[in-house]
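Chain and residue survey
For reference, the chains in residue letters:
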Amino acid sequence: MDNQQLLDLIDRMTLEEKIAQLLQLAAPFYEGVEDEGQITGPMQAMGITDPMIASSGSILGYARAAGAVRVQEAHLKKNPHGIPLLFMADIVHGFKTIFPVPLAMGCSWDMELAERSAEIAAREAAVSGVHVTFAPMVDLVRDPRWGRVMESTGEDPYLNSLFAKAFVRGLQGDNLKEETERVAACVKHFAAYGASEAGRDYNTVDLSERQLREYYLPAYKAALDEGCEMVMTSFNTIDGIPASGNEKLMRGLLREEWGFDGVLISDWGAVKELIPHGAAEDEREAAYRAIRAGVDIEMMTSCYVHGLPELVREGRVDEALIDESVLRILQLKEKLGLFDNPTRGASPERAAEVIFSREHRDAAYEAAIKSIVLLKNEGGVLPLSPEAKVALIGPFASSGDILGPWSWDGSTEDAVKLDAALSERLGKDRLIVAEGCGIERGTDEHLLAALKAAAEADVIVLALGEASEMSGEAGSRSDIRLPQAQLELIDSIAGLRKPTAAVLFNGRPLDLHGVYDKTGAVVEAWFPGSEGGAAVADILLGAVDPSARLTMSFPHSVGQVPVYYNHFNTGRPLGAADAQVRYVSQYLDAPNDPLLPFGFGLSYTTFGYDGLKLSSDEMTADRPITVSVNVTNTGARAGTETVQLYVRDIAGEVVRPVRELKGFVKLELAPGERGTAVFTLGEEQLRYHHSDLSFGSDPGRFEVFVGRSSLDTLKSSFILKEN
Ligand code: BGC
């Protein structure tokens, strides 16, 4: 249908029918959904009537090929205008083939990999009947107490923007109408959900507009520049106004300034939450604020269907606002080809063929391999020696809870477990497995069995971590150490003084007290997904070199949080040549730097850096400079180094961070091989938001840092001159 036909269709709809297009409910409300049959209960409780369901615009969280066809066909029979439903679901890091959690994918610094993971997730979801996924989540994160950091690619706006684009490309492809095995993307959570105060989920966000624009907004904007079809609001307030009723943010910035004319959906229940937030007295007022803000779809509450008809009749809400929202929703349906092909990609045959296929699982394996970060390796503990007898001990030794949150259709039974993968590679005789303790509780019996296993082995691998539900939504923690039972297990094992490596399965940067100081090697496996065990085993055995680098800092302790690499210097920086002993910006009981900084990660080989060169020590707007550095593989194995380029603007109208990532290059080097990383750095990369929010650069001196992490670099400098 062309736009005029869509407008004509809207003309034929009653006000109630139009408002119902703005309603999104979960699957149990719909006929044809198997195993549910509970339609009447929730409907009555919410005052949802049959006509509202018949005219509703979208369904949430249903992804079953045959069922999706059934639901759509039943719906088309009931909908007075034959308007198909949009099927939306959270396909965040895979559908059935689960990829590492996004924070882990971030650590790969690999956009092709991210794009491919999204393409596979889209394919499995689309053949299961999904049209839109609530991804990518691109919230910038600095506080590991927040459980949802696992959904983000990390703390850097530049890297997050690259990943946002890669995920959108992978999900959407080039043409949603023709490519029926892609899905529309919905970037979330707009805006700055990641800045929830004190890392407590759903909490207040209060940032200066400048900070919002400089750090938090770029990744959403990048997703939209890549053509992302939808945006989801966030739960939090921004400058005292909940995002879902925030006219300035949504209608002002998102729609008018950025020109976004796609669909804006509220987060789950977020329109009604305007009431407890204290932004609306009742559901009608909540509806009033949300529709004025430009929220098109209300997810899972019924303020719109109950409140908007009267608001329009009273003349408080212009019907044109409703028409606008309906048009955007219909346009998306048209883009997806649903008017001609209402069941789109849904196909039980294709589902049987592609879901969890070998090809998809191989891609998940590769992603896991490239996301695992080696955090420590002293005394040659890793890779495991080919003759060693290994004791694998810990609650994650045999656990399938390695998929992480947001893996609804993933199967923990089908996940490759670490014990199985190691046993396959080492042979049964060389592996002894013991649980050691549960995730949160231990028993003497378990501990004794673990100590016995450890006594028989040459080397110990501890498989530790957080249960899935300890991170993700509503998974905030105030103490981000491993649970006490696991710390006690480490303590007991450390007493044996045998070579010990810890492998961590978890969703956030942890406080590694009791782990980092007690084991020779630490491997951050994150939640590595369906092929996790295989990937970890191959890393442990050195079949593959670990190449991932952290995209979120690991604090020494929670007291440092938020601790992130691109911070300001302060007027009394620690370590300045003329600094006083006491009156500097510091803690009395902890360092300022994190335990492990952004960009950090080890390999089994080592890399030496020398010869940092700038093509000129002057830059102008039309004359970028080239930055190059030599990198030599100084170890005995092949490896991949991620060479990172940072800058610091020495004096700005607004003070600038001590480091800002501006580029990175991956070099794959054989033992002894020397490579050169070359970067182009131009004036446009030095721009930032000034106090009047204008975006530009300040002439003057800049420092350039190139190296293996945000804290381990060579340094040079140049002057930015006006043309
Ligand atoms: C989450 C969103 C998610 C939505 C739909 C909400 O609770 O915050 O990220 O997309 O539910 O499942």
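For clarity, every value in this text was computed on a predicted model and none was experimentally measured.

Thoughts on the overall build of the protein
- Scanning the protein for helices and strands turns up 21 helices and 26 strands.
- Overall, the protein is about 75 × 65 × 45 Å in size when its C-alpha atoms are taken along their principal axes.
- In the protein, 78% of the contacts between residues at least 6 apart in sequence involve partners at least 24 apart.
- Looking at the protein as shown, the accessible area adds up to about 26,600 Å², and 48% of this sits on carbon and sulfur atoms.
- Averaged over its 69 positive side-chain charges, the protein has a centre that lies 3 Å from the centre of its 107 negative ones.

Thoughts on the side chain of Arg142
- Positionally, Arg142 belongs in the loop between strand S4 (132–133) and helix H8 (157–172).
- No salt bridge forms around the buried Arg142; measuring N to O, its nearest opposite-charge neighbour Glu155 is 6.8 Å away.
- Not counting the four nearest positions on each side in its chain, Arg142 is found in contact with Gln211, Tyr215, Tyr216, Met552, Val561, Pro562, Val563, Tyr564 and Asn566.

Thoughts on the site of the ligand
- Taken together, Asp90, Phe134, Arg148, Lys188, His189, Met232, Phe235, Asp267, Trp268, Met299, Trp406 and Glu473 make up all the residues around the ligand.
- In this structure, an oxygen atom belonging to the ligand sits 2.9 Å away from a side-chain N or O atom of Lys188.
- With respect to the ligand, the side chain of Asp267 contributes an N or O atom lying 2.6 Å from an oxygen atom.
- Here the ligand loses 93% of its free accessible area of 310 Å² to cover by the protein chains.

As for the sheet that holds strand S20 (residues 639–649)
- The sheet built from five strands is open, its strands ordered S18-S26-S25-S20-S21 with mixed pairing. The open sheet has two edge strands, strand S18 (618–619) and strand S21 (660–669), and neither has a second partner.
- For S20 and strand S25 (residues 700–709), the ladder comprises six bridges, and the chain directions are antiparallel. The partner of Arg648 across the bridge, within S25, is Glu703.

Focus on the pattern of salt bridges
- Taken as a whole and judged by the stated rule, the model has 55 salt bridges.
- The shortest N-O distance in the salt bridge between Glu466 and Arg477 comes to 2.9 Å. Here Arg477 lies in the loop between strand S14 (459–465) and helix H20 (484–494) and Glu466 lies in the loop between S14 and H20, a separation of eleven residues in the sequence. An identical accessibility class is assigned to Glu466 and Arg477; each is buried.
- Between Arg656 and Glu660 there is a salt bridge, with the nearest N and O atoms lying 3.2 Å from each other.
- The network of salt bridges with shared partners includes Arg251, Arg255, Asp296, Glu324 and Arg328.

Some remarks on the domain arrangement of the protein
- When its domains are assigned, the protein resolves into domain 1 (3–8 + 21–350), domain 2 (358–558) and domain 3 (607–720).
- Computed over C-alpha atoms, the centres of domain 2 and domain 3 are 34 Å apart.
- Taken together, the contact pairs six residues of domain 2 with eight residues of domain 3.
- Carbon and sulfur atoms supply 33% of the area that domain 2 and domain 3 bury against each other, a total of about 490 Å² over both sides.
- Across the contact surface, domain 2 and domain 3 share one salt bridge.
- Glu641 is the salt-bridge partner of Arg549, the closest N and O atoms lying 2.8 Å from each other.
- Our count for the contact surface shared by domain 2 and domain 3 stands at three residue pairs in polar contact (both at pLDDT 80 or more).

Remarks on helix H18 (residues 418–426)
- Within H18, the full set of buried residues consists of Leu418, Asp419, Ala421, Leu422, Ser423 and Leu426.
- Looking at the buried side of H18, the elements it contacts are strand S12 (390–393), strand S13 (431–434), S14, strand S15 (500–505) and helix H21 (532–540).
- Among the residues trailing H18, Gly427 stands out with phi positive, at a value near 90°.

Some points on the environment of Thr634
- In this structure, Thr634 sits in the loop between strand S19 (625–633) and S20.
- Remark: the alpha-carbon pair of Thr634 and Glu673, spanning 39 residues in sequence, is separated by 7.9 Å.
- Not counting residues up to four positions away in its chain, the partners in contact with Thr634 are Thr606, Phe607 and Gly608.

Here's the deal with unusual backbone geometry
- Here the bond from Leu382 into Pro383 is cis, since omega is -5°, no more than 30 degrees from zero.
- Its location among the elements puts Pro383 in the loop between strand S11 (373–377) and S12.
- The step from Val561 to Pro562 runs through a cis peptide bond, and the omega angle for that step is 0°.
- Locating Pro562 in the fold gives a position in the loop between H21 and strand S17 (607–614).
- Residue Trp526 is not a glycine yet carries a positive backbone phi of 55°.
- Note on placement: Trp526 falls in the loop between strand S16 (521–524) and H21.
- Overall, Trp526 belongs to the buried group, its relative accessible area being 1%.

Here's the deal with the sheet that holds S12
- What the six strands build is an open sheet, ordered S11-S16-S15-S14-S12-S13; its pairing is mixed. Both edges of this open sheet fall to S11 and S13, since each of them pairs with a single strand only. For this sheet, the mean inter-axis angle between neighbouring strands, taken without regard to orientation, is 15°.
- Taken together, the four bridges between S12 and S14 define a ladder with parallel strand orientation. Across the sheet, Leu392 pairs through a bridge with Val461, a residue of S14.

Things to note about the packing of helix H9 (residues 209–216) against helix H10 (residues 218–225)
- Running from N to C, H9 and H10 point in directions that differ by 50°, and their axes come no closer than 6 Å. If you check the angle between H9 and H10, you find them oblique. Across the interface between the two elements, Leu212, Arg213, Glu214, Tyr215 and Tyr216 from H9 touch Pro218, Ala219 and Tyr220 from H10.
- Taken together, the residues that form the contact of H9 with H10 break down as six nonpolar, no polar and two charged.

Regarding H9
- Across the eight residues of H9, six count as buried, placing the element largely inside the fold.
- Restricting attention to buried positions, one finds in H9 the residues Arg210, Leu212, Arg213, Glu214, Tyr215 and Tyr216.
- The secondary structure elements touched by the buried residues of H9 are H8, H10, strand S7 (237–238), helix H11 (247–257), S21 and strand S23 (688–689).

Section: the packing of helix H7 (residues 111–127) against helix H17 (residues 358–371)
- In contact at an axis separation of 10 Å, H7 and H17 are set at 145° when each is read in the N-to-C sense. Here H7 and H17 pass one another in a crossing that is left-handed. Two secondary-structure elements touch here, H7 through Leu113, Arg116, Ile120, Arg123 and Glu124 and H17 through Glu359, His360, Ala363, Glu366, Ala367 and Lys370.
- Classifying every residue of the contact of H7 with H17 by side-chain character gives four nonpolar, one polar and six charged.

About the cut-offs
- Residue positions are counted from 1 within each chain, in the order its sequence is given.
- Totals for whole chains, interfaces and linings use all residues, but because this is a predicted model, local features are given only for residues with pLDDT of at least 70 and pairs of side-chain atoms are given and counted only at 80 or more.
- Side-chain measures here rest on the full set of heavy atoms in the structure, leaving out hydrogens and waters.
- Segments assigned H or I by DSSP are reported as helices when at least four residues long, segments assigned E as strands when at least two residues long, and all are numbered from the N terminus.
- Contacts were defined at the residue level, with two residues in contact if any of their heavy atoms lie within 4.5 Å.
- All accessibility values rest on the Shrake-Rupley procedure with a 1.4 Å probe; residue burial counts only the protein chains present in the view.
- His is not counted, nor are the chain ends, whereas Lys and Arg count as positive and Asp and Glu as negative.
- In plain terms, the charge of a residue is placed at NZ if it is Lys, CZ if Arg, CG if Asp and CD if Glu.
- Whether a residue is buried, partly exposed or exposed follows from its accessible area with a 1.4 Å probe, protein chains only, as a fraction of its type maximum: under 20%, in between, or over 50%, in that order.
- Note on definitions: salt bridges are taken to be side-chain nitrogens of Lys or Arg within 4 Å of carboxyl oxygens of Asp or Glu.
- Any residue with a heavy atom positioned within 4 Å of a molecule or strand is treated as near that molecule or strand.
- Counted as a polar contact is a pair of N or O atoms within 3.5 Å, where, for protein atoms, one must be capable of donating a hydrogen and the other of accepting one, and residues adjacent in sequence contribute only when both atoms are in side chains.
- Two strands pair if DSSP finds at least two bridges between them.
- Throughout the structure description, domain borders are defined by an automatic or database domain assignment.
- Here the quantity called buried area is the accessible surface, traced with a 1.4 Å probe, that two parts lose on coming together, added over both.
- All axes here are fitted lines through C-alpha atoms, helices being fitted over the stretch that makes contact, and every angle between N-to-C directions spans 0 to 180 degrees.
- Our angle categories are set so that under 35 degrees counts as roughly parallel, over 145 as roughly antiparallel, 65 to 115 as roughly perpendicular, and the remainder as oblique.
- Here the term charged refers only to Asp, Glu, Lys and Arg, the term nonpolar to Ala, Val, Leu, Ile, Met, Phe, Trp, Tyr, Cys and Pro, and the term polar to all other amino acids, Gly among them.
- Note: crossing handedness is left-handed where the near helix turns anticlockwise from the far helix by less than a right angle, and right-handed where it turns clockwise.

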